[in-house]
Amino acid sequence: MLEGIWKAFGIGRGRAAALEDVDIAVPRGQFVTLIGPSGCGKSTLLRIVAGLLEADRGTVSVFGETVSKATAAKHIGFVPQSPALLPWRSVLDNVRLPLQVNRKADGGAARNRRDPKEVLESFGLGKMLDRRPAQLSGGMQQRVAIARAFVFDPTILLMDEPFSALDELTREVQRHELLKVWQSNQKTVLFVTHSVAEAVALSDVIVVMSSQPGRIRAVIPVGLPRPRNQFVETTDEFHELESQVRFELWGAWHGDDET
Amino acid sequence: MATTRPEGDRATGELTSTKERVLEAPGVDGPIERERRAPRWLHPRVWLAPVVAFGLLVLGWQLYAVHNPYVIPTVPEVLSQIGDKPGFYAHNLLVTLQEAVVGAGCGMLAAFILAVVMCHVHVLERALMPLAVILNVTPIIAIAPGLVVAFGFGFTPKYIVTGVIVFFPFLINSLIGLRALEPQALDVLATLHASRWEVLWRLRLPASLPFLFAAARICLPLSVIGAVVAEFSAAGQAAGLGALIETAANQADLKTVYASVLSLAVLGIALTVVVVLLQRRMLSWHSSARSR
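Residues numbered from 1 in each chain as written. Chains lettered and ligands numbered in written order. Predicted model: local features only at pLDDT ≥ 70, side-chain atom pairs only at ≥ 80, totals over all residues.

### Describing the nonpolar core
The biggest cluster of nonpolar side chains holds 79 residues, and the ones touching the most others in it are A:V49, A:V144, A:A147, A:L158, A:L190 and A:V245. Looking at this core, the element that brings in the most residues is helix α5 (residues 138–150) of chain A, giving seven residues. Contact partners of A:V245, with chain neighbours within four places excluded, come to A:I35, A:V196, A:A199, A:V200, A:I206, A:V208 and A:I220. By size, the runner-up hydrophobic cluster in this structure holds 49 residues, among which are B:I160, B:V161, B:A234 and B:L267. (Core = buried A, V, L, I, M, F, W, Y, C linked by C-beta atoms within 7 Å. Buried ≥ 20, exposed ≤ 12 C-beta atoms within 10 Å, placed from the backbone. Helix = DSSP H or I, 4+ residues; strand = E, 2+ residues; numbered from the N terminus. Contact = placed C-beta atoms within 7 Å.)

### A short note on helix α8 (residues 156–178) of chain B
Residue and element names in this part refer to chain B. Taking 1.5 Å per residue as the helical rise, α8 with its 23 residues ought to reach 33 Å, and the 31 Å between its terminal C-alpha atoms agrees with that figure. Most pronounced at F167, the bend in α8 amounts to some 35°, and the proline P169 follows within four residues. Of all the 23 residues making up α8, 19 are buried; the element is thus mostly covered by neighbouring parts of the structure. (Expected span 1.5 Å × (residues − 1). Bend = angle between axes of the 7 residues up to and from the residue.)

### Thoughts on the packing of helix α7 (residues 140–151) of chain B against helix α10 (residues 196–233) of chain B
Residue and element names in this part refer to chain B. Between α7 and α10, the least distance of the axes is 9 Å, while the angle of their chain directions is 50°. With respect to α10, the axis of α7 lies oblique. Here the hand of the crossing between α7 and α10 comes out right-handed. Of α10, the residues touching α7 (which contributes I140, I141, A144, P145 and V148) are G226, V229, A230 and S233. A breakdown of the residues in the contact of α7 with α10 according to their chemical character gives seven nonpolar, two polar and no charged. (Axes fitted to C-alpha atoms, helices over the stretch in contact; angles between N-to-C directions. Parallel < 35°, antiparallel > 145°, perpendicular 65-115°, else oblique. Left-handed = near helix turned anticlockwise from the far one by under 90°. Nonpolar A, V, L, I, M, F, W, Y, C, P; charged D, E, K, R; others polar.)

### A short note on unusual backbone geometry
Residues and elements named next belong to chain A. For the peptide bond that leads from R226 to P227, omega is -5°, which places it in the cis range. If you trace the backbone, P227 turns up in the loop between β9 (215–221) and α8 (236–254). Its identity is not glycine, yet F63 carries a phi of approximately 50°, on the positive side. Its location among the elements puts F63 in the loop between β4 (57–60) and α2 (67–72). Here F63 falls in the exposed class, since 12 other C-beta atoms lie within 10 Å of it.

### Thoughts on the pairing of strand β5 (residues 76–79) of chain A
Along a regular strand, successive side chains alternate from one face of the sheet to the other. Residue and element names in this part refer to chain A. Because side chains alternate across β5, one face comprises the buried residues I76 and F78, and the other comprises G77 and V79, equally buried. The pairing of β5 with strand β6 (residues 156–160) spans four bridges and is classified as parallel. Across the sheet, residue V79 finds its bridge partner in β6, namely M159. (Pairing = 2+ DSSP bridges.)

### Remarks on the interface of chain B and chain A
In this complex, chain B contributes 24 residues to the contact, which on the side of chain A involves 28 residues. Going through the elements one at a time, α1 (4–24), α9 (183–191) and α10 of chain B are the ones with two or more residues in the side of chain B that touches chain A. The residue inventory of the side of chain B that touches chain A, partitioned by class, reads twelve nonpolar, six polar and six charged.

### Looking at the pairing of β6(A)
Residue and element names in this part refer to chain A. Of all five residues that make up β6, five are buried, and the element is covered over most of its length. Burial of β6 is two-sided: the residues I156, L158 and D160 facing one way and the residues L157 and M159 facing the other way are all buried. Where β6 and strand β7 (residues 188–193) come together, five bridges link them in parallel fashion. Bridge pairing in β7 links M159 to F191. You can see the chain leave β6, run along helix α6 (residues 168–185) and come back into β7, and the turn it takes is right-handed. (Right-handed = clockwise from strand over helix to strand, strands pointing away.)

### Considering the sheet that holds β5(A)
Residues and elements named next belong to chain A. Pairing is mixed in the open sheet, where six strands are placed in the order β5-β6-β7-β3-β8-β9. The sheet is open, and its two edges are formed by β5 and β9, each paired on a single side. Mean inter-strand twist for the sheet, computed between neighbouring axes without regard to direction, equals 15°. In the sheet, strand β8 (residues 205–210) pairs with β9 via six bridges, with the strands oriented antiparallel. Bridge assignment links M209 to a residue of β9, and that residue is I216. Taken strand by strand, helix α1 (residues 42–49) contacts β3 (31–35), β6, β7 and β8, and its axis lies near 150° from that of β7. Along the sheet, α5 makes contact with β5 and β6, crossing β5 at roughly 175°.

The structure is reproduced here in structure tokens:
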């Protein structure tokens, strides 16, 4: 899906490579996580797939479509780092937003548009429909933001550290809520995080990146059986995978010679 | 595993229930808050301080006026002046109100439209902003006589003065408001391929409303100043509180002067109250509507 992506920022001598020759394939229906130290370009990569940035070199295809075609057809769902809800809209109206803009993309046949109310109910927010975002907790706001990306049935969901602003406990609860919802939908997801536990619990494949410049260091398949629930985190297999990812991350931090 | 399960369930159960309780707490729901707020206005702690301050001011005025009858009229004199000729003052007040509101309305609308255009075409912002600054730094009093010569003694020069005086503050606030977005919300709309028009209508416009109201609270009283200044320059055309002050001052008719000043103050307060009420109604989601 992503082939030979190069990206640099800045101009002249200060120009710094952010991504160097990155290839990633995200199979349909799979949950793929990008993990790496800060500054490894994982968010940049996600923004390139979302069409918010352009790669200097390389091609991105979203199941055969170019990124601009995919966004024009509303095939890409983006969940930013902050919930970015519109404070003047109720929870329900926030989730309706994607259905209200760029309507001509909704004409497509195989579209499985969902009822915003049902989506919110499946996210455990059925009682919050008429609340304003400011009246919800941070975790709930983030769930509304994810619901907003689910509602128009995109072919791929891009999530940029959606839980990074939450405290550790809330984060864990949200992780398992997402796990539940994802397992009943099996959407294709490209997920960015720097939490190892989050990556192992949620993913089918973990891509570990190293920084400066951003490169792929390891691709680790997660063989944990599905459906998973929070108790998967108490199993030995989980801990083994966690150690494996950590080991690769240390390598990414210090370089191979020191590990 | 079997032993950890109930523990885990209990833990998550507790978590959600505390969250629920916090959200159900009073103060979060609009109606409850309003019910609690209404009697708060009647509480002496709220109204006593401003009422005492106002009372002291009136008392000071009265004491000074009694001893200096040629400098300032007494409070009862001013009040009876309005009481004797309520229709006369109401008529002049309405003339000034019309000049202020129509001119400010056109000026604010023009400023907002220009802000929307500038927000999308940056070249225009760079081209026109210096001109707007020049318009802003030029004292309005200096322009008014020229406008009277050009447009006569009718409403036109007054509309221009009040429009010009509100133009710049409203333009700047509109521009800031239209850009006061969470960039991530803009990202979400970009990935949905929302058009510029959709971004403007669904995102920029509502996001700018708090700024527009803040600007209106400054601009409407400003436009009353503009109207009075314009009337000073076009005195002889005996309508409007400004013209009234001008002619009465020339005849040393202090009671009429101060009755007009009082009417102007009332007009300014009324305009501010209208804006604040509208703001409360339309911005219930925004903190500016809740705190005051």
